[in-house]
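Below, each chain spelled out in residue letters.
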Amino acid sequence: MSSTVTPTQTPTQNPALPDKKEERRLALREWLTNLPDQELLIETMRPASADASFRQFYRIDTKSGNSLIAVDAPPATENSAAYIKVADLFRQMNLSVPEVFAQDLTQGFLLVSDMGQHTYAHVLNNDTAHKLYLDAIDSLVLLQTQSQPDVLPEYDRAFLLRELNIFTEWYIGKHLGVTLTEAQTKTLDKVFDHLLASAMAQPQVFVHRDFHSRNLIWMDKGNPGIVDFQDAVYGPLTYDLVSLLRDAYVQWDEEMVLDWAIRYWEKAKRAGLPVPTDIDNFYRDFEWMGLQRHLKILGIFTRLSHRDGKDTYLADIPTVMEYIRKTAHRYKELVPLLRLLDELENTAPQVGYTF
């Protein structure tokens, strides 16, 4: 088995933001000092991680020798109420998620339990991957088997289309600097229609939406810890599985991805989930869902660069584009996307990929 693993990086910040970031850090520190019951050692507050959002995370030691995580989630851009709701929902399902100890929704501050310092992205390698992914798949099946409608927002056709339009606006329009012709727009719209029809025909379940190596924490007990779940929705069955196995930051051989996907399919069937009875149909759903997600990711990565000054995400575009091209080549309905990408990027047709 071989893999390509991109180390977790701290995104480059927009130069215009440091003053505001420091103001919020000081406000968070002041809020934390007024939580005496938590016995925080305020002077130990230090950066814990950063992500693609506007949130900042800080680790703080306690007098008991443990540590907690303080979250700065600006209310203008982040939904802390949803975070608290989903954390409670997932905890009731016996999933490993942070516990919320204190909150200030007006300021956008949270104090939560520390799940640990090692994400899957830190510890995945050829020796650890199989066990880690099977643990994640077990958690995913546990989540999906407890799904109910009308609890989380619907990941409906309009929602999925808005995400695809991020690709059109930011990757094609802003990053490549291309305005689509009428014929090119029709080609892209037809591909989008195929992807959306496939997604909406799938069984609907609870969807984390970013179930991948940077949001799964390696734990001795209850592995994996799950974070960044505030955008959870009710949507297509294969979405989280493809997020996990066709990760924008970690790439595995197709044979291994197929093996893990089959193992999920078998576990899901035993758990009573309404997966397709034919593995080929299931894997097609998986691949087409992945294409929708990866087109969206191209748009998001380029938006993070052009709008937010987080240029490090551009380094992950080749991995995402490889996923897109391989999938598009495998299905006649999607080949027009491959040709369109060649036109847009002015590249020669690439050799097809099969397994």
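The structure reproduced in this document is the subject of the present report. Just so it is clear, the structure is predicted and the values come from calculations on it, not from any experiment. Within every chain, residues take consecutive numbers counted from 1 along the sequence as written. Residue-level local features of this predicted model are given only where pLDDT is at least 70; pairs of side-chain atoms are given and counted only at 80 or more, and the full residue set underlies all totals for whole chains, interfaces and linings. Each side-chain value is worked out from all heavy atoms of the structure, with water and hydrogens disregarded.

Attention shifts here to the overall build of the protein chain. Helix and strand assignments follow DSSP, with helices taken as H or I runs no shorter than four residues and strands as E runs no shorter than two, numbered in order from the N terminus. Of regular secondary structure, the protein chain possesses 11 helices and 11 strands. When we talk radius of gyration, it's over C-alpha atoms, and the globule rule is simply 2.2 Å times the number of residues to the 0.38. In terms of overall dimensions, the protein chain is globule-like: its C-alpha atoms have a radius of gyration of 21 Å, near the 20 Å expected for 355 residues. Taken along its principal axes, the extent of the C-alpha atoms in the protein chain is 65 × 50 × 40 Å. In this scheme, a residue with accessible area under 20% of its type's maximum is buried, one over 50% is exposed, and one in between is partly exposed, where area comes from a 1.4 Å probe on protein chains only. Out of the 355 residues belonging to the protein chain, those deemed buried represent 53%. In this description, contact between two residues means that some pair of their heavy atoms is separated by no more than 4.5 Å. Considering only intrachain contacts with a sequence separation of at least 6, the fraction spanning at least 24 residues in the protein chain is 71%.

Turning next to the packing of helix H9 (residues 279-306) against helix H10 (residues 317-330). Structural elements are reduced to axes, namely lines fitted to C-alpha atoms, with helices fitted over the stretch in contact, and the angle between N-to-C directions of any two is expressed from 0 to 180 degrees. For the pair H9 and H10, the least separation of the axes is 9 Å and the interaxial angle reads 145°. For the element pair H9 and H10, the recorded crossing hand is left-handed. Two secondary-structure elements touch here, H9 through Glu 287, Leu 291, His 294, Leu 295, Ile 297, Leu 298, Phe 301 and Thr 302 and H10 through Ile 317, Val 320, Met 321, Tyr 323, Ile 324, Thr 327 and Arg 330. When grouped by side-chain class, the residues that make up the contact of H9 with H10 number 10 nonpolar, 3 polar and 2 charged. Here a crossing is called left-handed whenever its near helix is offset anticlockwise from the far helix by less than a right angle, and right-handed whenever the offset is clockwise. Residues are sorted three ways: Asp, Glu, Lys and Arg are charged, Ala, Val, Leu, Ile, Met, Phe, Trp, Tyr, Cys and Pro are nonpolar, and all the rest, Gly among them, are polar.

This paragraph deals with the packing of aromatic side chains. Geometry of aromatic contacts follows a simple scheme: Phe, Tyr and Trp rings, the Trp one being its six-membered ring, pair when their centres are within 6.5 Å, and the pair is stacked under 30 degrees between planes, edge-to-face over 60, tilted otherwise. Applying the stated criterion to the full structure yields 15 aromatic pairs. The interplanar angle of 20° and the centroid separation of 5.8 Å between the aromatic rings of Tyr 264 and Phe 282 together place this pair among those described as stacked. A residue pair is termed long-range when its members are at least 10 positions apart, and Tyr 264 in helix H8 (residues 254-270) and Phe 282 in helix H9 qualify at 18 residues. Just as Tyr 264 is buried, Phe 282 falls in that class too. Sitting above the plane of the Phe 159 ring, Arg 162 keeps its charged end 5.1 Å from the centroid. Taking the ring centre of Trp 265 as reference, the NZ or CZ of Lys 269 above it sits at 3.7 Å. A ring is considered to have a charge above it if a Lys NZ or an Arg CZ atom is located within 6 Å of its centre and within 35 degrees of its normal.

A few words now on the side chain of Ser 147. Within the secondary structure layout, Ser 147 lies in the loop between helix H4 (129-145) and helix H5 (157-175). According to the relative accessible area criterion, Ser 147 is buried, its value standing at 19%. For the purposes of these results, a polar contact is taken to be a pair of N or O atoms within 3.5 Å, where, inside protein, one atom must be able to donate a hydrogen and its partner to accept one; residues adjacent in sequence count only when each atom of the pair is a side-chain atom. Of the polar contacts made by the side chain of Ser 147, one reaches the backbone oxygen of Gln 144; its length is 2.8 Å. From its side chain, Ser 147 meets the backbone nitrogen of Phe 206 in a polar contact 2.7 Å long. Residues in contact with Ser 147, not counting those within four places in the same chain, are Val 205, Phe 206 and Tyr 234.

Let us now look at the pairing of strand E3 (residues 56-61). Of all 6 residues in E3, 5 are buried; the element is thus mostly enclosed. Pairing between two strands requires that DSSP report at least two bridges joining them. Counted between consecutive antiparallel strands, the loop separating E3 from strand E4 (residues 67-72) contains 5 residues, among which Gly 65 sits at a positive phi close to 95°.

Here the amide bond leading from Asn 223 into Pro 224 is cis, since omega sits at -5°, within 30 degrees of zero. Along the polypeptide, Pro 224 turns up in the loop between strand E8 (216-217) and strand E9 (225-226). Positive phi is not limited to glycine here, since Asp 150 has a value of about 65°. Checked against the element boundaries, Asp 150 lands in the loop between H4 and H5. You will see that Arg 209, though not glycine, has its phi angle at about 90°, which is positive. Relative to the elements of secondary structure, Arg 209 occurs in the loop between strand E7 (204-207) and E8.

Following both chains from N to C, one finds H10 and helix H11 (residues 335-345) inclined at 135°, their axes separated by 7 Å at the closest point. Taken as axis vectors, H10 and H11 run oblique relative to one another. In the crossing of H10 with H11, the sense of the turn from one axis to the other is left-handed. Contacts between H10 and H11 involve Met 321, Ile 324, Arg 325, Ala 328 and His 329 on the former and, on the latter, Val 335, Leu 337, Leu 338, Leu 341, Asp 342 and Glu 345. Broken down by class, the residue content of the contact of H10 with H11 amounts to 7 nonpolar, 1 polar and 3 charged. When describing relative orientation, an angle under 35 degrees is termed roughly parallel and one over 145 degrees roughly antiparallel, while 65 to 115 degrees is termed roughly perpendicular and anything else oblique.

Read these as geometric descriptors, not functional statements.
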